[in-house]
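# Secondary and tertiary structure notes
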Amino acid sequence: MLSCASEWLSQELMDVCRLFEGADALEIVHTSMAGNSRFAGVFCIDGEQFPYSYADTARTATEEKSLVKRYSKLALYNILSEKFHKKLPWGSLTGIRPTRLAYASLEKTGEFENFFRTLGVSEENIALTARVLEGQRGIYERKEGNCDLFVSLPFCPTKCVYCSFITAPIAATRKFMPAYLSALERELKAAKPLYKNLRSVYIGGGTPFVLEAEELERVFEAIAPLRENGCEYTVEAGRPDVFTEEKLDLCKKYGVTRICINAQSFSDRTLAAIGRKHSADDVVKAFEMARPYGFDINCDLIAGLTGETLEEFENSVDTAIGLSPENITVHTLCLKKGAKLKEETETLSEGGMSAMIAYSREKLSAAGYAPYYLYRQKYMAGAHENVGWTKPNKACIYNVDVMEEIADNLAVGANAISKRVFFSEGRIERLASPKDLATYLSKLETIIEEKNKLFGAASE
Ligand SMILES: C[S@@+](CC[C@H](N)C(=O)[O-])C[C@H]1O[C@@H](n2cnc3c(N)ncnc32)[C@H](O)[C@@H]1O
Ligand code: SF4
């Protein structure tokens, strides 16, 4: 039980509690006092008082709110860390984008390392963050008018048990396909005047390659007039069980530059357990099929999949490296609503997770990969992170722009979330399309109108 004066702060403090197993059983009461260049307060935990006080100054009301949040979370983290004898890799940071905080600190004070240290971030993660910032050099660009295009294809061969993405097995959703493709064509046509500088296109999902070749071609055709500048073009092709030469030919024909062949794991035992319906060997075959086309290839792995041993994960990392994709993304299992696997999170050992993460960092670095984007999610096993690794000069612009929120994101399709970045006002406006396919289709005209309004001034 946690009680605190404001609902928004209460949510933030709950995020800290969730980092410590058993903290939900504590009776926590928080009182905060801000003023006179101090951020102070008291936590009363099961009747015991823990006062705290940090010196800092806020220049605006927004900054004051952010500092109240920062210091109360830090104080609670320190108290719980001592109580449960546990330090967490990201300390009191529970946000999704630690790198954004690092950039903000760099801008304000010229450094982020000591700031992160104060927040309890481990030395390893401070070093990792520094490497990510370094990896974004030459790509990271905060500039009004920069835009990325996302095309959502929320269809999959079958639903993997861990996955909480809004996507459904194609057998159940195929009936929507003709109307869905027409809706995408309509949205893409309307989107053409809405941006100035297109930096990248990303067709994601779902599993875009689950579409039939002629369906995929309609999507490529509709995108082509928007991508006249030949910018980076990713197709999250996805699972190897839907790869065909015909679909790869189409990718080549329409100028795709990057595809994903996602293994998640190279253990057949794990793949069967998570409902992937393909083998590790299928991943290798998909690589062999795709290599002659010359696309940059990304391969997704997940650490902490149910029942997977450290040795199996190590083998997955080694096998992925052996296939030599340009990008390897190492996710940490994250179970939220929508995933069938939810119950099993608790069984993961934190020590095991940390060893997996440490192994991936060491091996990928030794193989010449550098981390270039990083994000976290709530409910991640062991409070870790997802990291995108890249070979030199192969970093994906789309991932950097999206994770750092430094460009507009014009997103089309069901469950697409568009974002407009207002740099001068320091704010981001979001617009989410309905997740449900039928609702999305029925609201199409309103969605287009709203998007026109959000991006209307972008091209002026
Ligand atoms: C939208 S999915 C698309 C990938 C493609 N459909 C596939 O499965 O190969 C993007 C990636 O998110 C990761 N992912 C999905 N669910 C996850 C979860 N619960 N925890 C961690 N990573 C997850 C997977 O690595 C997946 O490849
Ligand atoms: S992991 Fe990929 S294939 Fe599996 S359900 Fe999620 S989006 Fe679909």
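It should be emphasised that the depicted structure is a prediction, and the values quoted were computed from it without experimental measurement.

The subject of this paragraph is the overall build of the chain. Each helix and strand counted, the chain has 16 helices and 17 strands in total. Over its C-alpha atoms the chain spans a radius of gyration of 23 Å, differing by no more than 12% from the 23 Å that the globule rule assigns to 460 residues. Projected onto its principal axes, the C-alpha positions of the chain cover 65 × 55 × 40 Å. Once local pairs closer than 6 in sequence are excluded, the contacts in the chain between residues at least 24 apart make up 70%. Put simply, the chain shows about 19900 Å² of open surface, and 53% of that area lies on carbon and sulfur atoms. The positive charge centre, built from 56 side chains, and the negative charge centre, built from 64, are 3 Å apart in the chain.

Between helix H3 (residues 98–109) and helix H5 (residues 123–135), the shortest axis-to-axis distance is 10 Å and the interhelical angle comes to 80 degrees. What the angle tells us is that H3 and H5 run roughly perpendicular. Facing H3, whose interface residues are Thr-99, Ala-102, Tyr-103 and Leu-106, H5 presents Thr-129, Val-132 and Leu-133.

With respect to the helices, strands and loops of the structure, Arg-420 is situated in strand E16 (residues 417–422). On the basis of relative accessibility, which here comes to 10%, the residue Arg-420 falls in the buried class. At a separation of 2.9 Å, a polar atom in the side chain of Arg-420 contacts the main-chain carbonyl oxygen of Leu-454.

A separate point is the domain arrangement of the chain. A common way to report how large an interface is uses the accessible area buried once the components associate. Here the chain is partitioned into domain 1 (1–86), domain 2 (87–135) and domain 3 (146–411). The partner domain 3 presents 20 residues to the 19 residues of domain 2 that form the contact. Together domain 2 and domain 3 conceal approximately 1700 Å² of surface at their shared face, both sides included; 52% is due to carbon and sulfur atoms. Our count for the domain 2 to domain 3 interface comes out at two salt bridges. In this structure, the salt-bridge partner of Arg-97 is Glu-405, at a minimum N-O distance of 3.7 Å.

Conventions used here
Residues numbered from 1 in each chain as written. Chains lettered and ligands numbered in written order. Predicted model: local features only at pLDDT ≥ 70, side-chain atom pairs only at ≥ 80, totals over all residues. Heavy atoms only, no water. Helix = DSSP H or I, 4+ residues; strand = E, 2+ residues; numbered from the N terminus. Rg over C-alpha atoms; globule rule 2.2 N^0.38 Å. Contact = heavy atoms within 4.5 Å. Areas by Shrake-Rupley, 256 points an atom, 1.4 Å probe, with all protein chains shown as cover. Lys, Arg positive; Asp, Glu negative; His and termini not counted. Charge placed at Lys NZ, Arg CZ, Asp CG, Glu CD. Axes fitted to C-alpha atoms, helices over the stretch in contact; angles between N-to-C directions. Parallel < 35°, antiparallel > 145°, perpendicular 65-115°, else oblique. Buried < 20%, exposed > 50% of the residue type's maximum accessible area, 1.4 Å probe, protein only. Polar contact = N/O pair within 3.5 Å; in protein donor to acceptor, adjacent residues only side chain to side chain. Domains from an automatic or database assignment. Buried area = accessible area lost by both parts, 1.4 Å probe. Salt bridge = Lys/Arg side-chain N within 4 Å of Asp/Glu carboxyl O.

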